[in-house]
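# Report on the structure
Residue strings, one per chain:
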Amino acid sequence: MHSYCSSCGAAYGEGISGWPRTCPACDTVAYRNPLPVAVALQPVYDTKGTALVVITRTIAPARGGTALPGGYIDDREDWRQAVVRELREETGIDAAARDVRLADAMSSPDGHLLLFGLLPERSVESLPRSSATDETEGWHLLRRPTELAFPLHTLAVRAWFEGRYL
C-alpha cells in the first residue's frame, strides 16, 4: 500500500518509507493524510496598531504569494500542535498548542479542510527577527485585509480584521 507515487506512478523504492515522502522520479511530496490543513492566525501589535503575521511562499503552490502560515496536519498529530509547528517552521515564532483556539473551519472546493487556529495577541518586539525558511522568504505584517495566495486565507483574514474571531 502507498508504494507508488499518486502523481506519476513511479515506485517509491526500497529506502523510502514514512511520511511525508518525496517521489524519486517527479519530486512530488506525498502526505499520509493530505486533506486537513492547519493555519495560524497570529495577531501582533506595535506602535502602528494591530496586525497579523503572514509569510511569502517560496514553494508551490502559490510560490511568491502571501499567505498565513500553515500546512498539512501530520498523521496522528493534534491540529493545535500542527498550528504551532507550522507557525514555527514558516516563521521561527514559537507558541504553545494549549493557547490555540479554533477560529474557523472551512472546506475548499478541492476538498481540503482548513482549520484556522487563533493564537493570543503578542507584541512585535517579542517575536524573532524575520528570516527565510525552507518554505518562505520570512514573515511580515498584514495591517489590513487584502487578497492572499489562497482564497480561504483571504476570507479568514477578512473575518479577523472585522472582529468575527474575538
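Since we're looking at a predicted model, the values are computed, not measured.

### Digging into the overall build of the chain
A tally of regular secondary structure across the chain gives two helices and eleven strands. Since a compact globule built from 166 residues should have a radius of gyration of about 15 Å, the 17 Å found for the chain is in line with a globular shape. Its C-alpha atoms give the chain principal-axis dimensions of roughly 55 × 30 × 30 Å. Taking all 166 residues of the chain together, 40% fall into the buried category. Of the contacts made within the chain by residues no fewer than 6 positions apart, 55% connect residues no fewer than 24 positions apart.

### Considerations on the environment of Ile93
Relative to the helices and strands, Ile93 is located in the loop between helix H1 (79–91) and strand S8 (101–107). Ile93 gets classed as buried once you look at its relative accessible area, which sits at 0%. Along the primary structure Ile93 and Arg129 are separated by 36 residues, whereas in three dimensions their C-alpha atoms are 9.1 Å apart. Sequence-distant contacts of Ile93, that is, excluding residues within four places in its chain, are made with Val53, Leu87, Arg88, Arg122, Leu127, Pro128 and Trp139.

### A look at the pattern of salt bridges
Tallied over the full model, the rule gives seven salt bridges. Between Arg85 and Asp74 there is a salt bridge, and its shortest N-O distance comes to 3.6 Å. With a gap of eleven residues between them, Arg85 in helix H1 and Asp74 in the loop between strand S7 (70–72) and H1 connect regions that are remote in the sequence. Between Arg164 and Glu162 there is a salt bridge; the shortest N-O distance is 2.8 Å. Owing to a relative accessible area of 53%, Arg164 belongs among the exposed residues under this scheme.

### Points about H1
For H1, built from 13 residues, the straight-helix expectation of 18 Å at 1.5 Å per residue is met to within 8% by its first-to-last C-alpha distance of 18 Å. Listed in full, the buried residues belonging to H1 are Trp79, Ala82, Val83, Val84, Arg85, Glu86, Leu87, Glu90 and Thr91. Where the residues of H1 are buried, they touch strand S3 (36–41), strand S5 (49–57), S7, S8, strand S9 (113–118) and strand S11 (136–142). Gly92 lies just past H1 and shows a positive phi near 80°.

### Quick notes on unusual backbone geometry
In this structure, the amide linkage connecting Ala60 to the following residue, Pro61, adopts the cis form with an omega of -5°. Along the chain, the position of Pro61 falls in the loop between S5 and strand S6 (66–67). For Asp27, which is not glycine, the phi torsion reads 65° and is therefore positive. Locating Asp27 in the fold gives a position in the loop between strand S1 (21–22) and strand S2 (29–30). On the basis of relative accessible area, Asp27 is assigned to the exposed category, the value being 59%.

### Some remarks on the packing of aromatic side chains
With the rule as written, the count across this model stands at one aromatic pair. Ring centres 4.8 Å apart and planes at 85° place the aromatic pair Trp160 and Phe161 in the edge-to-face group. Of note, Arg21 hangs over the ring of Tyr12, and the distance from its end group to the ring centre comes to 5.1 Å.

Criteria and cut-off values
Residues numbered from 1 in each chain as written. Predicted model: local features only at pLDDT ≥ 70, side-chain atom pairs only at ≥ 80, totals over all residues. Heavy atoms only, no water. Helix = DSSP H or I, 4+ residues; strand = E, 2+ residues; numbered from the N terminus. Rg over C-alpha atoms; globule rule 2.2 N^0.38 Å. Buried < 20%, exposed > 50% of the residue type's maximum accessible area, 1.4 Å probe, protein only. Contact = heavy atoms within 4.5 Å. Salt bridge = Lys/Arg side-chain N within 4 Å of Asp/Glu carboxyl O. Expected span 1.5 Å × (residues − 1). Phe/Tyr/Trp six-rings, centres within 6.5 Å; stacked < 30°, edge-to-face > 60°. Lys NZ or Arg CZ within 6 Å of the ring centre and 35° of its normal.

So, to be careful, I would describe these as geometric facts and stop short of saying anything about function.
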